[in-house]
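The chain contents come next:
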Amino acid sequence: MANLDFFALYKNIIAIPSISSTDPRWDQSNEAVIRLLADWFGQLGFQCEVTALPDLPGKFNLVATIGQGEGGLLLAGHTDTVPFDEGAWSKDPFKVTEEGNRLYGLGTIDMKGFFAFIVEALKEIDLTTLSKPLRILATADEETTMAGARAIAAAAEIKPDYAVIGEPTGLVPVVAHKGHMSEAIRITGKSGHSSDPANGVNALEIMHQAMGRVLRLQLHLEETYADYRFAVPQPTLNLGYIQGGDSPNRICGCCELHIDMRPTPQVGPDELMGMLKEALSPIEIHQPGCLHLQHLHEPIPAYACADDSELVREAEKASGRAAESVNYCTEAPFIQQLGCQTIVLGPGHITQAHQPDEYLDLSFVKPTTAVLQHLIRRFCL
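Residues numbered from 1 in each chain as written. Predicted model: local features only at pLDDT ≥ 70, side-chain atom pairs only at ≥ 80, totals over all residues. Heavy atoms only, no water.

Some points on helix α4 (residues 147-155)
Thinking step 1. What α4 keeps buried is the set A147, G148, A149, I152 and A153.
Thinking step 2. Those residues of α4 that are buried lie in contact with β2 (60-66), β6 (134-139) and α8 (332-336).
Thinking step 3. The positive-phi residue at the C-terminal boundary of α4 is A156, with phi of around 50°. (Buried < 20%, exposed > 50% of the residue type's maximum accessible area, 1.4 Å probe, protein only. Helix = DSSP H or I, 4+ residues; strand = E, 2+ residues; numbered from the N terminus. Contact = heavy atoms within 4.5 Å.)

Rendered as structure tokens:
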């Protein structure tokens, strides 16, 4: 398996651009990465199934399986990366640079590099002795719509007992995280000459009222809901973007506000959306038809795995770290829909993700390999 050398794997996978973005100028296919992974795991004896995502040209998932039957362990990760600011990188993002006991490159820890760790871990395991199947899942578009993980959950064709998503947690088992919602609030008024405000309906003025109600909801969430597993206990609501009007001498005819909400396991997307609609309902009463709410992407629910699950206990034992909860979100709620105990656990630190000069600290190589080997042996042999 000379061509499956750990450093060669890293260099080959990072060299393939696979940016996922809602901006079509940035967005790229992940097919080349998926085909590369199919080659890697095919060489190790896995049966590889590559599936195109419906209505998303150039986007693919991979499920690689070795061993028979249902159950077993799923090791999962996404094949896309975020865009990058070329001027902020001191190194080529698509060329692995080894420097100071680090591997630099886009996706080194978030998270294409995780697949190289899986291959490394499998080198010391006799895969012919598996009593339960081991599956590798590689998904598309985690950084945007999570379309790949949603498709896997909807198809429900695999049914592992346990799943590990290799996001950069510093090898800390993550057992709960918040979800993510991006919502647009659009106010449509009536433009007109500013010399006579009665000739129009000012969308900015109505949005001012709407923002006040949204901020009262923000305070209500802070005062009423608390889940102290999280460093920020409440479901959060952030006003992130606003645009409206075109000239000071015209009555503003349209204004749009984008907000971010973070559901918790106790307060889900549907409940938060219901609260938002209720908070804004007086606007509709006074100005019927002026307000429109729209998802900027389909909501991502929060996730939680029972702290006392067998998978959590084994991950804590193998990593030597106690399980934690985090504020960012992953594909975990969709993978969990397969009916499996699910944790998030991988090399590198989240503080390096989405940053210029993203890097993997090589001190993670041996402990990550050991953790993966422990979990494979525990749940597949």
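Notes on the sheet that holds strand β13 (residues 254-262)
Thinking step 1. Within the open sheet, the 4 strands sit side by side as β11-β13-β9-β14. Their pairing is antiparallel. Only two strands of the sheet have a single partner each, and these edge strands are β11 (236-244) and β14 (291-295). Between one strand axis and the next, the sheet turns by 20° as a mean value, whatever way the strands run.
Thinking step 2. The pairing of β11 with β13 spans 8 bridges and is antiparallel. Its bridge partner lying in β13, I242 is registered against L257. (Pairing = 2+ DSSP bridges. Axes fitted to C-alpha atoms, helices over the stretch in contact; angles between N-to-C directions.)

A closer look at the UniProt feature "domain: Peptidase M20 dimerisation" (unreviewed entry) in the protein chain
Thinking step 1. In the numbering used here, UniProt assigns the "domain: Peptidase M20 dimerisation" (unreviewed entry) feature to residues 175-282.
Thinking step 2. Between the first and last C-alpha atoms of residues 175-282 the distance is 39 Å; the span itself is 33% helix and 31% strand. (UniProt positions renumbered as here; feature names shortened; annotations may be inferred.)

Notes on the sheet that holds strand β4 (residues 97-99)
Thinking step 1. With antiparallel pairing, the 3 strands of this open sheet are ordered in space as β4-β5-β18. Looking at the sheet topology across the chains shown, the edges are occupied by β4 and β18 (359-361). Ignoring which end each strand starts from, the neighbouring axes of this sheet average 20° apart.
Thinking step 2. The pairing of strand β5 (residues 102-104) with β18 spans 3 bridges and is antiparallel.

Side note on the layout of surface pockets
Any space left empty among the atoms is revealed by the rolling of a water-sized probe across them.
Thinking step 1. Estimates place the volume of the largest pocket at around 570 Å³.
Thinking step 2. What lines the largest pocket is a set of 21 residues, among which E142, E143, T144, H180 and H354 lie closest to the centre.
Thinking step 3. Split by residue class, the lining of the largest pocket holds 7 nonpolar, 8 polar and 6 charged.
Thinking step 4. Considering only enclosed or pocket space, the second largest pocket measures out at about 300 Å³ in volume.
Thinking step 5. Contributing to the lining of the second largest pocket are 15 residues, with E49, T51, V63, I152 and E157 lying nearest its centre.
Thinking step 6. Counting residues per element, the ones that place at least two in the lining of the second largest pocket are β1 (47-52), β2 and α4.
Thinking step 7. Here the element with the most residues in the lining of the second largest pocket is β1; it accounts for 4 residues.
Thinking step 8. Tallied by class, the residues present in the lining of the second largest pocket amount to 8 nonpolar, 4 polar and 3 charged. (1 Å grid on protein atoms, 1.4 Å probe; cavity = no way out; pocket = protein on both sides within 12 Å on 5 of 7 lines; lining within 4 Å. Points joined across faces, edges and corners; volume = space filled by probe spheres on them. Nonpolar A, V, L, I, M, F, W, Y, C, P; charged D, E, K, R; others polar.)

A closer look at the side chain of T264
Thinking step 1. Structurally, T264 is set in the loop between β13 and α6 (269-286).
Thinking step 2. What T264 contacts, discounting residues up to four positions off in sequence, is K178, F230, P233, Q234, P235 and A302.

Some details on the environment of D110
Thinking step 1. Locating D110 in the fold gives a position in the loop between β5 and α3 (114-122).
Thinking step 2. Take D110: its relative accessible area is 5%, and that puts it in the buried class.
Thinking step 3. As for D110 and G77, which are separated by 33 residues in sequence, their C-alpha atoms are 9.1 Å apart.
Thinking step 4. Ignoring sequence-local partners within four residues, the contact set of D110 consists of H78, D80, T81, E143, E167, P168, A353, H354 and E358.
Thinking step 5. A distance of 3.1 Å separates the side chain of D110 from the side chain of H354, its partner in a polar contact. (Polar contact = N/O pair within 3.5 Å; in protein donor to acceptor, adjacent residues only side chain to side chain.)

Here we look at the nonpolar core
Thinking step 1. In terms of nonpolar packing, the biggest core is built from 77 residues, with W40, F41, F46, L73 and L134 touching the most fellow members.
Thinking step 2. Examining the composition of this core, we find that 8 residues originate from one element, α3, more than from any other.
Thinking step 3. Not counting residues up to four positions away in its chain, the partners in contact with L73 are P133, L134, R135, Y162, A163, V164, L375, I376, F379 and C380. (Core = buried A, V, L, I, M, F, W, Y, C linked by side-chain atoms within 4.5 Å.)

A word on the packing of helix α7 (residues 310-319) against helix α9 (residues 365-380)
To describe two helices that pack against each other, one gives the angle between their axes and the distance between the axes.
Thinking step 1. Between α7 and α9, the shortest axis-to-axis distance is 9 Å and the interhelical angle comes to 140°. For the crossing formed where α7 meets α9, the hand is right-handed. Contacts between α7 and α9 involve E310, L311, E314, A315, K317, A318 and S319 from the former and V371, H374, L375, R378 and F379 from the latter.
Thinking step 2. Counted by class, the contact of α7 with α9 contains 6 nonpolar, 2 polar and 4 charged residues. (Left-handed = near helix turned anticlockwise from the far one by under 90°.)

Topic: the packing of α3 against α9
Thinking step 1. At their nearest, the axes of α3 and α9 sit 9 Å apart, and the two run at 65° to each other. By crossing handedness, the relation of α3 to α9 is classed as right-handed. Contacts between α3 and α9 involve F114, F117, I118, E120, A121 and L122 from the former and V365, T368, T369, L372, Q373 and I376 from the latter.
Thinking step 2. Residues that form the contact of α3 with α9 fall into these classes: 8 nonpolar, 3 polar and 1 charged.

Remarks on the side chain of S18
Thinking step 1. Inspection of the secondary structure assignment puts S18 in the loop between α1 (6-14) and α2 (31-43).
Thinking step 2. On the basis of relative accessibility, which here comes to 1%, the residue S18 falls in the buried class.
Thinking step 3. Among the polar contacts listed, one links the side chain of S18 to the side chain of K112, at a separation of 3.2 Å.
Thinking step 4. Apart from the residues lying within four places of it in its own chain, the contact partners of S18 are Q28, S29, N30, V33, T79, D80, T81 and K112.

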